[in-house]
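# Descriptive structure summary
Now for the letters of each chain:
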Amino acid sequence: MEIGKDIYYVGVNDQALDLFEGQYPLKQGVTYNSYVIKDEKIVIMDTVDKRAQDIWMENIEEVLKDREPDYLVVSHMEPDHGACIQVLAEKYPNIQIVGNMKTFQMIDQFFCLDSQIKRIQVKEGDTLSLGRYTLQFMMAPMVHWPEVMMSYLVEAKLVFSADAFGTFNDDQNPWVEEARRYYSNIVGKYGLQVQNVLKKLKGLDIETICPLHGPVLKENLMQYLRYYQLWSSYQSEEAGVLIVCASIHGHTYEAAQFLKAELEKHGEKVILRNLCHEDISEVIGDAFCYDRLVLAASSYDGGVFAPMDDFLHHLKNKNFQNRPVAYIENGSWAPCATRTMKDITSTMKNMGDLGNVTIKGAMKKADEDNLIQLALAIMEEGCLDEACM
């Protein structure tokens, strides 16, 4: 597929893969994106996962025709993008590999390349002339590996963005849902590093973004940059209440449903997620989206029910912050879920406390009254920032 003059997409859509990185469920598989620039010099931008090697090599040969590539630019060494480096070098022994210092450290960890293969080490701001086109390199460490770099094709106003702006599938509409799930689970921990890259991109004239997963982006680029600005600064996209529930016998879930109905009576947008039945990566994505959070869980083994414990530790590992939180706990004889949940959220930055409700067993009238009061506290904390409107 030609995405610009003499710029081709040669990636592969792997619809058979069910788990990304062995943990994130896929609904429509995932794309491994790779690109070719045909100029006086020919550049291949990244390889693909070994699962897609044969199809990718066919795509490369179809685009190259009777020519051979001059360069392979390695944006990211993770095996779903760098697995075919050695195969490509063996087929085209005159190819020159372009990367930064950390790229080549990792290449030697994964492969045993022929010592005759030439390496071109680049750093921030270096350029590579291809003829009519020029590649300019930008280091993007920890977005989300230390060797990551982006490349700006100056004359085409095109950014090869590595894993940034990627999604789990190749659908552009709606882009945001899968892009948010991808960002929050894969890149989410490294908000500061993403902010640093966004500052670099701000100074460029960009008309096309080519990520390593998902669709090529050509329209409404400001909206994609806006989402990345919000996610990387841990600000919410919109006003809404996410209720995350882990219930053993259903009584805690009934309380969560009651709170949801009470909030909706007053016009609040409410999303209720059941951790016992729903994919945790989607719930993590929701947490990055909405401006208030409610944690509802059963007490268990002197702590909190395992699905909630797992969720909160995932959230903590993604450096989640800047949300007010309300708590609902249930415990028939020794309620302890709120204490345990607060022990975890207290280690996150700027997590406000909207109060808590304790239920012992099934809900009673007094519990309903307490949940109504909790709803009022949640509504008073609604997002007033323009970014959430």
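Parameters and conventions
- Each residue is numbered by its place in its chain's sequence as written, counting from 1.
- Reporting in this predicted model follows two pLDDT cut-offs: at least 70 for local features of residues, and 80 or more for side-chain atom pairs to be given and counted; totals over whole chains, interfaces and linings ignore these cut-offs and use all residues.
- Side-chain figures throughout are based on the complete set of non-hydrogen atoms in the structure, without hydrogens or water.
- To qualify as a helix, a DSSP run of H or I must reach at least 4 residues; to qualify as a strand, a run of E must reach at least 2; elements of each kind are numbered from the N terminus.
- Categorising residues by exposure relies on relative accessible area from a 1.4 Å probe, with only protein chains included: less than 20% of the type maximum marks a residue as buried, more than 50% marks it as exposed, and the intermediate range marks it as partly exposed.
- Only heavy atoms enter the contact rule, under which two residues are in contact if any of them lie within 4.5 Å.
- Here the open area of atoms and residues is found with the Shrake-Rupley method and a 1.4 Å probe, where only the protein chains shown may cover a residue.
- In this description, a line fitted to the C-alpha atoms serves as the axis of each element, helices being fitted only across the stretch in contact, and the angle between N-to-C directions of two axes falls anywhere from 0 to 180 degrees.
- For classification purposes, angles smaller than 35 degrees are called roughly parallel, those larger than 145 roughly antiparallel, those between 65 and 115 roughly perpendicular, and all remaining angles oblique.
- Whether a crossing is left-handed or right-handed is set by the direction in which the near helix is turned from the far one by less than a right angle, anticlockwise for left-handed and clockwise for right-handed.
- Here the nonpolar group is Ala, Val, Leu, Ile, Met, Phe, Trp, Tyr, Cys and Pro; Asp, Glu, Lys and Arg are the charged ones; every other residue, Gly included, is treated as polar.
- Strand pairing requires that DSSP identify at least two bridges connecting the strands.
- Whenever two N or O atoms come within 3.5 Å, that pair is a polar contact, provided that in protein one can donate a hydrogen and the other can accept it, and provided that, for residues adjacent in sequence, both atoms are side-chain atoms.

## Some words on the overall build of the protein
- Summing up its helical and strand segments, the protein has twelve helices and 22 strands in all.
- Along the first, second and third principal axes, the C-alpha atoms of the protein reach 80 × 40 × 30 Å.
- Residue burial in the protein is summarised as follows: out of 389 residues, 58% are buried.
- Once local pairs closer than 6 in sequence are excluded, the contacts in the protein between residues at least 24 apart make up 71%.
- When the accessible surface of the protein is totalled, it reaches about 16,600 Å², and 47% of it is carbon and sulfur.

## Side note on the environment of Ser 346
- Here Ser 346 lies in the loop between helix 11 (337-345) and strand 22 (353-359).
- In this structure Ser 346 comes out as exposed when scored by relative accessible area, which is 56%.
- With 187 residues separating them along the chain, Ser 346 and Val 159 place their C-alpha atoms 39 Å apart.

## Section: the packing of helix 8 (residues 251-265) against helix 12 (residues 365-380)
- Contact pair helix 8 / helix 12: the axes reach a minimum separation of 9 Å and the direction vectors enclose 50°. As judged from the angle between their axes, helix 8 and helix 12 are oblique. Our pair here, helix 8 against helix 12, has a crossing hand that is right-handed. Taken together, the residues of helix 12 that come into contact with helix 8 (itself represented by Ala 255, Phe 258, Leu 259, Glu 262 and Leu 263) are Glu 368, Leu 371, Ile 372, Leu 374, Ala 375, Ile 378 and Met 379.
- Class assignment of the residues belonging to the contact of helix 8 with helix 12 gives a composition of ten nonpolar, no polar and two charged.

## Notes on the environment of Val 12
- Relative to the assigned elements, Val 12 resides in strand 3 (residues 12-14).
- Look at Val 12 and you get buried, because its relative accessible area is 8%.
- Between the C-alpha atom of Val 12 and that of Ala 83, which follows or precedes it by 71 residues, the distance is 13 Å.
- For Val 12, the residues in contact, after removing those within four places along its chain, are Val 30, Thr 31, Tyr 32, Ala 52, Ile 55, Trp 56 and Asn 59.

## Observations concerning the sheet that holds strand 2 (residues 7-9)
- Taken in spatial order, the seven strands of this open sheet run 1-2-7-8-9-10-11, and their pairing is mixed. Each edge of the open sheet carries a strand with a single partner, namely strand 1 (2-4) and strand 11 (118-121). Each neighbouring strand pair of the sheet contributes to a mean axis angle of 25°, computed without reference to strand direction.
- Of the strand pairs in this sheet, strand 8 (residues 42-45) and strand 9 (residues 71-73) are connected by three bridges, and their pairing is parallel. Residue pairing across strands places Ile 44 opposite Leu 72, the latter belonging to strand 9.
- Taken strand by strand, helix 1 (residues 53-64) contacts strand 2, strand 7 (35-38) and strand 8, and its axis lies near 15° from that of strand 7.

## Considering the side chain of Arg 292
- Locating Arg 292 in the fold gives a position in strand 19 (residues 290-300).
- Side-chain polar atoms of Arg 292 contact the side chain of Glu 268, separated by 2.9 Å.
- In terms of polar contacts, Arg 292 uses its side chain to reach the side chain of Asp 291, at 3.2 Å.

## Concerning the side chain of His 76
- Within the element layout of this structure, His 76 appears in the loop between strand 9 and helix 2 (79-82).
- Engagement of the side chain of His 76 in a polar contact is seen with the side chain of Glu 78, the distance being 2.9 Å.
- A polar atom in the side chain of His 76 sits 3.3 Å from the side chain of Asp 163.
- Those residues in contact with His 76, other than ones at most four positions away along the chain, are Asp 46, His 81, Gly 82, His 144, Trp 145, Glu 147, Val 148, Asp 163 and Leu 212.

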